[in-house]
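# Residue-level structural notes
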Amino acid sequence: MKKTAILLAALLLMTTLFAACGGKDTSSAASTASTASSEAAGEPSAQPETSGDNTLVMATNAFFPPYEYYEGDDIVGIDAEIGKAIADKLGMDFEISDIEFEAIIANIQSGKADMGMAGMTVTEDRKKNVNFTRSYATGVQVVIVTEGSDIASIDDMQGKMIGVQTGTTGDIYCSYPPEEDGFGEDHVTRYNKGSDAVMALLSGKVDCVVIDNEPAKAFVAANEGLKILETAYTEEEYAICIAKDNEELLEKVDTALGELIDDGTVQKIIDKYISAE
Ligand code: ARG
């Protein structure tokens, strides 16, 4: 297993953290939650068909604002809108399949969905199982704590209980043993949704949550008594994943994405959901 150490630049007295690499395989657990379509809201259906018809099915985990989240029965957000714009460009119908994050890559590999778009970080390990398009956004892992927490820096996290979303880069980094700049499996509690990890923090089940910066901001804004540590971050690239054996779709989606980046559509969508600081 290849290990890529990511050294983190420090803001204040910050230290290095997380060694990044793909320690975990996300290809098990073929679970299916609900299937939502941005058009036919709330209509429960079985796994959408991907082959043979003209529908582009995007697998995601829709508890990750502002990239994907529910507004009523609809899944909205940056990924949902870029995905729809790609489908429009390709003259295809568009459907979103909301499943566990950890199951996305397996669903892409098995053809249950055409593309995975979930604020998904490109990692060397994931690249062994799926192909990625060009990147359309960046993310960083941050630490959420409660106001008044005694965790003020990454160093203070040693020995604490960290909440993460299963199979995410936050999970992967934190689960490394301390010798490898992680905190060890015993200090990581995994949740199916990032929002569940935040609920666990609010109810005192975990001491902090490691998650991507934009969802972190959204969760902190939506819940009183939480804050994000001012600390160093890893920078990650988000991209769309597509099955290794579907080079044709990769080419089409990547080209459409490139055009949407070039003509400013992607930035417009991002600006709609993320206000400039
Ligand atoms: N960027 C992180 C990763 O790729 C977390 C993504 C979680 N996405 C989601 N839709 N729940 O591992």
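Up top is the structure.
Parameters and conventions
- Residue positions within a chain follow its written sequence, with the count starting from 1.
- Totals for whole chains, interfaces and linings use all residues, but because this is a predicted model, local features are given only for residues with pLDDT of at least 70 and pairs of side-chain atoms are given and counted only at 80 or more.
- The side-chain values count all of the structure's non-hydrogen atoms but skip hydrogen atoms and water molecules.
- The helix and strand labels rest on DSSP assignments: H or I over at least four residues marks a helix, E over at least two residues marks a strand, and numbering proceeds from the N terminus.
- Any two residues whose heavy atoms approach within 4.5 Å at even a single point are treated as in contact.
- By convention in these notes, a salt bridge is any Lys or Arg side-chain nitrogen within 4 Å of a carboxyl oxygen on Asp or Glu.
- Only a single heavy atom is needed: when it lies within 4 Å of a molecule or strand, its residue is near that molecule or strand.
- In protein, a polar contact means a hydrogen-donor-capable atom and an acceptor-capable atom, both N or O and within 3.5 Å, with residues adjacent in sequence counting only if both atoms are side-chain atoms; elsewhere, any N or O pair within 3.5 Å suffices.
- In short, Shrake-Rupley with a 1.4 Å probe defines the accessible areas, and a residue's cover is counted only from the protein chains shown.
- Here the term cavity refers to a set of points on a 1 Å grid, laid over the protein atoms alone, in which a 1.4 Å probe fits but cannot get out; the term pocket refers to an open set having protein on both sides within 12 Å along at least five of seven lines, with lining residues being those that place an atom within 4 Å of a point.
- Whether a molecule lies in a cavity or pocket depends on its atoms, and more than half of them have to be within 2 Å of the grid points.
- Any Phe, Tyr or Trp ring, taking Trp's six-membered ring, that has another such ring centre within 6.5 Å forms a pair; planes under 30 degrees apart are called stacked, those over 60 apart edge-to-face, and the others tilted.
- Whether a residue is buried, partly exposed or exposed follows from its accessible area with a 1.4 Å probe, protein chains only, as a fraction of its type maximum: under 20%, in between, or over 50%, in that order.
- The criterion for a charge sitting over a ring is simple: Lys NZ or Arg CZ within 6 Å of the ring centre, and within 35 degrees of the ring normal.
- DSSP calls a pair of strands paired once it identifies at least 2 bridges connecting them.
- Grid points are joined across faces, edges and corners, and a volume is the space filled by probe spheres set on the points.
- Amino acids are sorted into nonpolar (Ala, Val, Leu, Ile, Met, Phe, Trp, Tyr, Cys and Pro), charged (Asp, Glu, Lys and Arg) and polar (every other residue, Gly among them).
- Take the residue count of a helix, subtract one, and multiply by 1.5 Å to get its expected span.

### Regarding the environment of Leu249
You can see Leu249 is positioned in helix 7 (residues 247-262). Leave out the neighbours within four places in its chain, and Leu249 touches Leu56, Asp114 and Ile242.

### Here we look at the pattern of salt bridges
In this structure the tally under the stated criterion is 10 salt bridges. For Arg190, the salt bridge identified is with Asp171, shortest N-O distance 2.8 Å. Of this pair, Arg190 sits in strand 10 (residues 188-191) while Asp171 sits in helix 4 (residues 169-175); the two residues are 19 residues apart in sequence, bridging distant segments of the chain. Measuring nitrogen to oxygen at the nearest pair gives 2.9 Å for the salt bridge that ties Glu214 to Lys217. Pair noted here: Glu214 and Lys217 are both in helix 6 (residues 213-222), with a separation of 3 residues, about one helical turn. In the salt-bridge network here, residues are joined through shared partners; they are Asp171, Glu185 and Arg190.

### Quick notes on the environment of Glu230
The residue Glu230 is located in the loop between strand 12 (226-228) and strand 13 (235-243) in this model. Sequence separation of Glu230 and Ile154 is 76 residues, and the distance between their C-alpha atoms is 9.7 Å.

### Regarding the site of the ligand
Neighbouring residues of the ligand: 15 residues in total, closest Ala118, Thr121, Arg126, Thr169 and Asp212. Within the backbone of Ala118, a nitrogen or oxygen atom sits 2.7 Å from a nitrogen atom of the ligand. Note that an oxygen atom of the ligand is positioned 2.7 Å from one of the backbone N or O atoms of Thr169. In isolation the ligand offers 350 Å² of accessible surface; the protein chains occlude 100% of this area. Structurally, the ligand is housed in the largest cavity.

### Re the packing of aromatic side chains
Taken as a whole and assessed by the stated rule, the structure comprises 4 aromatic pairs. On the basis of an interplanar angle of 45° and a centroid distance of 5.7 Å, the ring pair of Phe63 and Tyr70 is categorised as tilted. Judged by relative accessible area, Phe63 falls into the partly exposed class, the value being 25%. Given a relative accessible area of 28%, Tyr70 falls into the partly exposed group. Clustering of aromatic rings is evident, with ring pairs tying together Phe64, Tyr67 and Tyr238. Directly above the ring of Phe63 sits Lys193, whose terminal nitrogen or CZ lies 4.3 Å from the centroid.

### Looking at the pairing of strand 13
Where burial is concerned, most of strand 13 is hidden: 7 out of the 9 residues are buried. Bridge count for strand 7 (residues 115-116) against strand 13 is 2 bridges, and the pairing is antiparallel. Looking at strand 13, one finds that Met115 is bridged to Ile242.

### Things to note about unusual backbone geometry
For the bond running from Pro65 to Pro66, omega is 0°, close enough to zero to count as cis. Tracing the chain through its elements places Pro66 in the loop between strand 3 (63-64) and strand 4 (68-71). Even without being glycine, Asp181 reaches a positive phi, approximately 70°. Turning to its location among the elements, Asp181 is positioned in the loop between helix 4 and strand 10.

### Some details on helix 5 (residues 194-202)
Every buried residue of helix 5 is listed here: Gly194, Ser195, Ala197, Val198, Ala200 and Leu201. Phi turns positive, to about 80°, at Gly204, one or two residues after helix 5.

### What to know about empty space enclosed by the protein
Applying the stated rule across the entire model yields 2 cavities of 30 Å³ or more. Within this model, the largest cavity holds a volume of roughly 80 Å³. Around the largest cavity sit Asn61, Phe64, Glu68, Phe101, Ala118, Gly119, Thr121, Arg126, Gln165, Thr168, Thr169 and Asp212, which together line it. Each residue belonging to the lining of the largest cavity can be placed in one class, and the counts come to 3 nonpolar, 6 polar and 3 charged.

### Overview of helix 7
Between the first and last C-alpha of helix 7 there are 22 Å, a value that for 16 residues agrees with the 22 Å anticipated at 1.5 Å per step. Among all positions in helix 7, only Leu249, Leu250, Val253, Asp254, Ala256, Leu257, Gly258 and Leu260 are buried. Buried residues belonging to helix 7 abut strand 2 (55-60), helix 1 (78-89), strand 7, strand 8 (130-146), strand 13 and helix 8 (265-273). Positive backbone phi, approximately 85°, marks Gly264, located one or two places after helix 7.

Read these as spatial facts, not as claims about activity.
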